[in-house]
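What the coordinates show
One-letter residues, chain by chain:
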2 protein chains.
Amino acid sequence: MKFTCHKNELVQAIQIVSKAIASKPQTPILSGIYFEAEGDQLELHATDNEIGIISVIPASVEQTGKLVLSGRYMQDVIRRLPGENVTISQEIGENTTKIKSGASNFTFLSMPANEFPTVKRLEEGIHFRIQDNVLRDIVKKTVFACSTDEARPVFTGCQLEINGETLTMAATNTHRLSVKKEVVADLSGDLRIIIPSKLLNELLRALNSDMPTEIDVRCSSNQASFHFDNVVLMSRLIEGQFPNYESVIPKSFDTTITLDTEAFLDAVDRVSLISRAADYNIIRLDFANGNVHISSNSPDIGNADETVAADISGPDVNIAFNAKYVTDVLKNIDSKTFRFLMNKSLQPATIREEDNPTFVYIVTPVRTQN
Amino acid sequence: MKFTCHKNELVQAIQIVSKAIASKPQTPILSGIYFEAEGDQLELHATDNEIGIISVIPASVEQTGKLVLSGRYMQDVIRRLPGENVTISQEIGENTTKIKSGASNFTFLSMPANEFPTVKRLEEGIHFRIQDNVLRDIVKKTVFACSTDEARPVFTGCQLEINGETLTMAATNTHRLSVKKEVVADLSGDLRIIIPSKLLNELLRALNSDMPTEIDVRCSSNQASFHFDNVVLMSRLIEGQFPNYESVIPKSFDTTITLDTEAFLDAVDRVSLISRAADYNIIRLDFANGNVHISSNSPDIGNADETVAADISGPDVNIAFNAKYVTDVLKNIDSKTFRFLMNKSLQPATIREEDNPTFVYIVTPVRTQN
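Just so you know, these numbers come straight off a predicted model, no measurement behind them.

Rules used throughout
- Residues numbered from 1 in each chain as written.
- Chains lettered and ligands numbered in written order.
- Predicted model: local features only at pLDDT ≥ 70, side-chain atom pairs only at ≥ 80, totals over all residues.
- Heavy atoms only, no water.
- Pairing = 2+ DSSP bridges.
- Helix = DSSP H or I, 4+ residues; strand = E, 2+ residues; numbered from the N terminus.
- Axes fitted to C-alpha atoms, helices over the stretch in contact; angles between N-to-C directions.
- Contact = heavy atoms within 4.5 Å.
- Buried area = accessible area lost by both parts, 1.4 Å probe.
- Salt bridge = Lys/Arg side-chain N within 4 Å of Asp/Glu carboxyl O.
- Polar contact = N/O pair within 3.5 Å; in protein donor to acceptor, adjacent residues only side chain to side chain.
- Nonpolar A, V, L, I, M, F, W, Y, C, P; charged D, E, K, R; others polar.
- Core = buried A, V, L, I, M, F, W, Y, C linked by side-chain atoms within 4.5 Å.
- Buried < 20%, exposed > 50% of the residue type's maximum accessible area, 1.4 Å probe, protein only.
- Least-squares fit on C-alpha atoms with pLDDT ≥ 70 in both.
- UniProt positions renumbered as here; feature names shortened; annotations may be inferred.

1. Quick look at the sheet that holds strand β11 (residues 157-163) of chain B
All names here are of chain B. In spatial order, the strands read β14-β11-β12-β13-β26-β25-β24-β18-β22; together these nine strands make up an open sheet with antiparallel pairing. Both edges of this open sheet fall to β14 (190-196) and β22 (311-313), since each of them pairs with a single strand only. Across this sheet, the average inter-strand angle for adjacent strands is 15°, counted without regard to direction. Across five bridges, the pairing between strand β13 (residues 176-183) and strand β26 (residues 359-363) is antiparallel.

Given below as structure tokens:
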């Protein structure tokens, strides 16, 4: 095997696929990056057996072949090479790989390429195309609400539901729920799957191009893949029953409050500097007289309070939340003002963007002593 | 106590003094920052009983006084306050401090100000003034060579020697030695002290102004202080006998090599990507035929080599070093080319800047098997 490619393109490809390598790989081969050179391109694969990433870059291939190198050193080594191009080669039957760029020569022990569980592209299942900014918005507005508790797997992913032309993404950790709907042209089908948040977070990171692009999405009964710009991210799905969340979304409200997103977020962020050291990070919100009084206290540290203007329609409300459950959503919505919709102080509250019915966030208040 | 000051000035002052707070303070009071408001200024103090930092900023003082607040929250809280100014107050006899800025109010439990070991300015000892860029250069070129092994304290600091008008700073970890001399106008005296590297590293960080400034240095038999721009850094000195290093500095050389600093540093940095995972980080340097061949190998990873042009005068040399002991010094010298001066391959080698006799670095080679 022997090929030459642009150093910067190779660095970027390694950076993308490396995200699939587990910090503690289950087997040694899973610590590696698989390289396959054929035709005029190089394919890189990495996987942790749950998610898998492929990146394809142009290469001048002198001799086709495949090899596996430890992911641990590749990024650092390739990035620092002195030349514009990199030549990578391995003699047939050898277990060492030569990397050459400018006056630099590296030789790495390589791993047996035949043993690498290459990432298989998904060919079956529901298939649709979606603009990157639309998909990014759907993922961004939901994935933060997932749980990180591996003991309850269904809450560590987002449910993707396809119902005719409507795509709905939902995430919950049982204390909060985030739901985003989008109508996608040419979409048709009937599907409910749970995609791991790990893959969706990598997708958000990878969808960082300034150039608009379309993403090719495929979903089977046990896998999902996202293909764009010569990158394929894929993942096993999470098995289990996602809760039927529709019944949790309140249909009517006693009090409707409109707030400036940035002013309220900044104030909550500041006031929660006091509470965030505690287990529950509780802030109190007292809505009355055209203001919200935000406060927190900690017996060990002190207390904080701040007042922000609020447009309140309906009875006054005194309510308390985990501050993180409020700031997380406000960091991910885009409207200059937002609506806080409430009933009694121990009933779930709703947050919606101004003039955007496609997004809804439900958060359960906490009971406080005073 | 009550005063008002600029938020940004206060943030910066807190940031500077916080460096003196230990990550695990010996006593609770040492986790605090001491504030003293008097006249038209606010003084902040912090200390870990070894080093101490004072920062002074202008303040509009309504009521003089002093208080101690936990350093842990102050930086985050003050930085995020919404207003341009901050008002801090504490009623006499109370143990809570109010911080107010814009619509934000914080109350923090405070600590007893009388119990704080305030940092005392040094009034005695040798005293001289030195330009910031001169002092920065002296410290930068030596402090990196200190040891971090607390078991042998004298090697964790730099020896400052004053002999008439000549100031000499030296540091060693017994495997390498860095010495920088400077003639300072108006300096006179006879002194040898060991200043902890921790203080010198903070000094480097604090000396980051674009505006030229003069530093007021004072050294007594057990303390040193550096005073500039309303900041005082001071430290206890390290007790013990710094080794007599003059005899270690080779006086003659068999082989003199001139190298391009950046090209050689980059190459050593790359080649050591292979060796740095190992305990000794060994690179081989083979000087011959107008080149240096730099190589490293690790049985578990692979090997690397690179060739850089070298102007060699004298016999060829094959030698090996801990790569870090070579790259550390090259990152801190300023000349475009430098001289590598050697005798036999197991005798200490010398590195000097081109045309700068005031700096010398000695590094002990390592014995390798081949």
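2. Things to note about the interface of chain A and chain B
With 29 residues of chain A at the contact, the number on the chain B side is 29 residues. Across the chain A/chain B interface, buried area totals approximately 2600 Å², and carbon plus sulfur atoms make up 51% of it. Of all residues in chain A, Arg80, Arg270 and Leu273 of chain A bury the most surface against chain B, accounting for 23% of the area lost on that side. Linking chain A with chain B are four salt bridges. One salt bridge in this structure joins aspartate 76 of chain B and arginine 276 of chain A, with 2.5 Å as the shortest N-O distance. Remark: the boundary between chain A and chain B carries 16 residue pairs in polar contact (both at pLDDT 80 or more). Among the residues making up the side of chain A that touches chain B, the classes are represented as 15 nonpolar, six polar and eight charged.

3. Comments concerning the nonpolar core
Membership of the largest hydrophobic core comes to 204 residues, with the highest contact counts inside it found for Phe287 and Phe340 of chain A together with Phe287 and Phe340 of chain B. Excluding anything up to four places from it in sequence, phenylalanine 340 of chain B contacts Thr255, Thr256, Ile257, Leu259, Phe264, Leu285, Phe287, Phe321, Ala349, Thr350 and Ile351 of chain B.

4. Examining the sheet that holds strand β5 (residues 60-63) of chain B
Hydrogen bonding along the main chain pairs the strands of a sheet, whether they run parallel or antiparallel. Read from one edge to the other, the open sheet built from nine strands follows the order β23(A)-β19(A)-β20(A)-β21(A)-β9(B)-β8(B)-β7(B)-β1(B)-β5(B), with strand pairing classed as antiparallel. The sheet is open, and its two borders are formed by β23 (317-322) of chain A together with β5 of chain B, each paired with just one other strand. Sheet twist, expressed as the mean angle between neighbouring strand axes with direction ignored, is 15°. Sheet analysis places strand β19 (residues 282-288) of chain A next to β23 of chain A, joined by six bridges and oriented antiparallel.

5. Focus: the relation of the copies chain A and chain B
The operation relating the pair of chain copies consists of a rotation about an axis and a translation along that axis. Expressed as a screw operation, the relation of chain A to chain B combines 0.0 Å of axial shift with a rotation of 180°, fitting to an RMSD of 0.0 Å. Put plainly, the chains are arranged around a two-fold axis. For chain A, the residue whose C-alpha comes nearest the rotation axis is serine 23 of chain A, separated from it by 14 Å. A share of 100% of the interface residues of chain A reappears at the interface of chain B, consistent with the copies meeting face to face through the same patch.

6. A few points about helix α3 (residues 132-140) of chain B
Those residues of α3 of chain B not exposed but buried are Asp132, Leu135, Asp137, Ile138 and Val139 of chain B. Against the buried residues of α3 of chain B lie β10 (126-131), β12 (166-172), β13, α4 (197-206), β15 (214-219) and β16 (223-228) of chain B.

7. Regarding the UniProt feature "domain: DNA polymerase III beta sliding clamp central" (unreviewed entry) in chain A
The feature "domain: DNA polymerase III beta sliding clamp central" (unreviewed entry), as given by UniProt, occupies residues 130-244 of chain A in the numbering adopted here. Annotated as 19% helix and 43% strand, the span residues 130-244 of chain A places its first and last C-alpha atoms 26 Å apart.

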